[in-house]
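Structure assessment
Each chain, written out:
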Amino acid sequence: MTQPAIYSRVIGTGSYLPPRRVSNQQLAEELAARQVETSDEWIVARTGIKARYFAPPDMTTSDLAVEAARKALDMAGVDAQAVDLIILATSTPDFVFPSTACLVQSKLGITNGCAAFDVQAVCSGFVYALATADNFIRSGAYRNVLVIGAETFSRILDFNDRTTCVLFGDGAGAVLLSASSEPGVLSTALHADGRYADILCVPGNVHGGAIQGNAFLYMDGQAVFKLAVGVLEKVALEALDKAGLEASQIDWLIPHQANIRIMLSTARKLHLPTEKMIVTVDEHGNTSAASIPLALDVAVRDGRIQRGQRVMLEGVGGGFTWGAALLRM
Ligand code: ACO
């Protein structure tokens, strides 16, 4: 007798933002004290960002991740002990090691010995983690996978560099992806091109007890912008093609929330009305691996995203990496 196919479906979403909201005006005032000049007008016009959240010094990426994960488990109605894999996407882990996923497992009080590991694909990290979880579930290896994107990007920002420090924020988003007899993740597509490693990077490491190189984020904004608009269109079409669907059949588009201009251009290229795009970059800034699950959770909880609808998630970021995941909710 043939076994029924196993699919993976999102059965819970959650997110968490640290308590301190910093508007562009507040940030501009704080930067002025360092003789760094910027303005609300410049940031809004170039990026669409109006505010971001910063974690206090004693709050780590795993702290943010745990809050988001608890909410996703709550929505799913699944006990934490039933989780059999944790995949956490981050570029701002608590430590070099152990992985932030292991710290999250412990903070959630999970004592079942479930597997836990981090994924490093910068702003594409959540899509990479989701695709990995989907493959593990469809292979029959795991049934309940916590997929988390969590970041404290404020820790790697150089607040003397106005070209980058106004763009990013801290936060976390999570989903519980579970085995299902109905298709939930319809298709995924992942890519990378390491030849562009140096246009977006934190080119530092720990060496002999000291930081070697530069531990602050560096970005060639225009090079990233050009690459991002090209690959986001292509990878969305690839994911649609794999699922045998047309762009017009997408109910919601959730691109990585980095810059409203890149997001609008992606929607335009896919011939999707902008009302079908979930936008949180205005309130959250760019939270890297957390941006997509944060936006997904916002739109699920405010009732825009409904069960049965098709949602296209798209990530792009350092590496250079990019990817898409087409979901049926
Ligand atoms: N405030 C005021 N002026 C500024 C600021 C600021 N915060 N930052 C830069 N400027 C100035 C520059 O100095 C420059 O001045 P000049 O003309 O006198 O030299 C001028 O503004 C224009 O700067 P550009 O860099 O050309 O501005 P641009 O329109 O390219 O916007 C931006 C910059 C927003 C960074 C854009 O290039 C961008 O969004 N790039 C993509 C970022 C992205 O998508 N990242 C996603 C991946 S993130 C990840 O993976 C971690």
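Residues numbered from 1 in each chain as written. Predicted model: local features only at pLDDT ≥ 70, side-chain atom pairs only at ≥ 80, totals over all residues. Heavy atoms only, no water.

1. Considering the site of the ligand
Near the ligand lie 27 residues; those nearest to it are Thr 38, Arg 46, Cys 123, Gln 222 and Asn 259. A distance of 2.5 Å is found between an oxygen atom of the ligand and a side-chain nitrogen or oxygen belonging to Gln 222. Out of a free accessible area of 1000 Å², the ligand has 76% covered by protein chains. Secondary structure elements with two or more residues in the shell around the ligand: α2 (40-47), α6 (162-165), α7 (221-243), α8 (260-269) and β14 (310-317). It is α7 that provides the largest number of residues to the shell around the ligand, a total of four residues. In the shell around the ligand, the residues fall into 14 nonpolar, nine polar and four charged. (Near = heavy atom within 4 Å. Polar contact = N/O pair within 3.5 Å; in protein donor to acceptor, adjacent residues only side chain to side chain. Areas by Shrake-Rupley, 256 points an atom, 1.4 Å probe, with all protein chains shown as cover. Helix = DSSP H or I, 4+ residues; strand = E, 2+ residues; numbered from the N terminus. Nonpolar A, V, L, I, M, F, W, Y, C, P; charged D, E, K, R; others polar.)

2. Looking at the sheet that holds strand β1 (residues 7-16)
One open sheet accounts for five strands, arranged β1-β7-β6-β4-β5; its pairing is mixed. Whereas interior strands pair on both sides, the edge strands pair on one side only; in this sheet they are β1 and β5 (115-119). In this sheet, neighbouring strand axes are inclined to one another by 20 degrees on average, regardless of whether the strands run parallel or antiparallel. Two elements, strand β4 (residues 85-89) and β5, share five bridges in a ladder whose sense is parallel. Its bridge partner lying in β5, Leu 85 is registered against Ala 115. Strand contacts of helix α3 (residues 61-76): β1, β4, β6 (144-152) and β7 (170-180), with the helix running at about 125 degrees to β1, the strand carrying the most contacts. (Pairing = 2+ DSSP bridges. Axes fitted to C-alpha atoms, helices over the stretch in contact; angles between N-to-C directions. Contact = heavy atoms within 4.5 Å.)

3. A word on the pattern of salt bridges
Scanning all chains against the criterion turns up nine salt bridges. In this structure, the salt-bridge partner of Arg 20 is Glu 30, at a minimum N-O distance of 2.5 Å. Of the two residues, Arg 20 is situated in strand β2 (residues 20-23) and Glu 30 in helix α1 (residues 24-32); the sequence distance between them amounts to ten residues. Residue Glu 30 is classed as partly exposed on the basis of its relative accessible area, which comes to 37%. In this structure, the salt-bridge partner of Asp 134 is Arg 138, at a minimum N-O distance of 3.2 Å. Of this pair, Asp 134 and Arg 138 both sit in helix α5 (residues 125-138), four residues apart, which is roughly one turn of that helix. (Salt bridge = Lys/Arg side-chain N within 4 Å of Asp/Glu carboxyl O. Buried < 20%, exposed > 50% of the residue type's maximum accessible area, 1.4 Å probe, protein only.)

4. Topic: the sheet that holds strand β15 (residues 321-328)
Strand order across the open sheet formed by four strands is β8-β15-β14-β13, with mixed pairing between neighbours. Looking along the sheet, the strands with just one partner apiece sit at the ends: β8 (185-192) and β13 (252-255). The sheet shows a mean angle of 10 degrees between the axes of neighbouring strands, direction not considered. Across the sheet, α5 touches β8, β14 and β15, and the angle it forms with β8 is around 125 degrees.

5. Some words on the UniProt feature "active site" (unreviewed entry) in the chain
This chain's UniProt record puts "active site" (unreviewed entry) on Cys 123, His 256 and Asn 286. Taken together, the annotated residues stretch across 164 residues yet fold into one region, lying no more than 8.7 Å apart by C-alpha. Tracing the sequence through the fold places Cys 123 in the loop between β5 and α5. If we ignore the near neighbours within four places in the chain, the residues touching Cys 123 are His 256, Asn 286, Ser 288, Ala 289, Gly 315, Val 316, Gly 317 and Gly 318. When you line up the elements, Asn 286 lands in the loop between α9 (281-284) and α10 (291-301). Ignoring any residue separated from it by four or fewer positions in sequence, one finds Asn 286 in contact with Ile 49, Cys 123, Leu 167, Phe 168, Gly 169, His 256, Gln 257 and Ala 258. (UniProt positions renumbered as here; feature names shortened; annotations may be inferred.)

6. Details of the UniProt feature "domain: Beta-ketoacyl-[acyl-carrier-protein] synthase III N-terminal" (unreviewed entry) in the chain
Taking the numbering used here, the UniProt-annotated feature "domain: Beta-ketoacyl-[acyl-carrier-protein] synthase III N-terminal" (unreviewed entry) corresponds to residues 117-194. Helix and strand shares over residues 117-194 are 23% and 40% respectively, and the end C-alpha atoms of the span are 22 Å apart.

7. Structural notes on the side chain of Ser 187
Checked against the element boundaries, Ser 187 lands in strand β8. On the basis of relative accessibility, which here comes to 6%, the residue Ser 187 falls in the buried class. In this structure the side chain of Ser 187 is engaged in a polar contact, spanning 2.7 Å, whose partner is the backbone oxygen of Ala 239. Here Ser 187 is in contact with Ala 239, Lys 242, Ala 243, Ala 324, Ala 325 and Leu 326, once residues within four sequence places are set aside.

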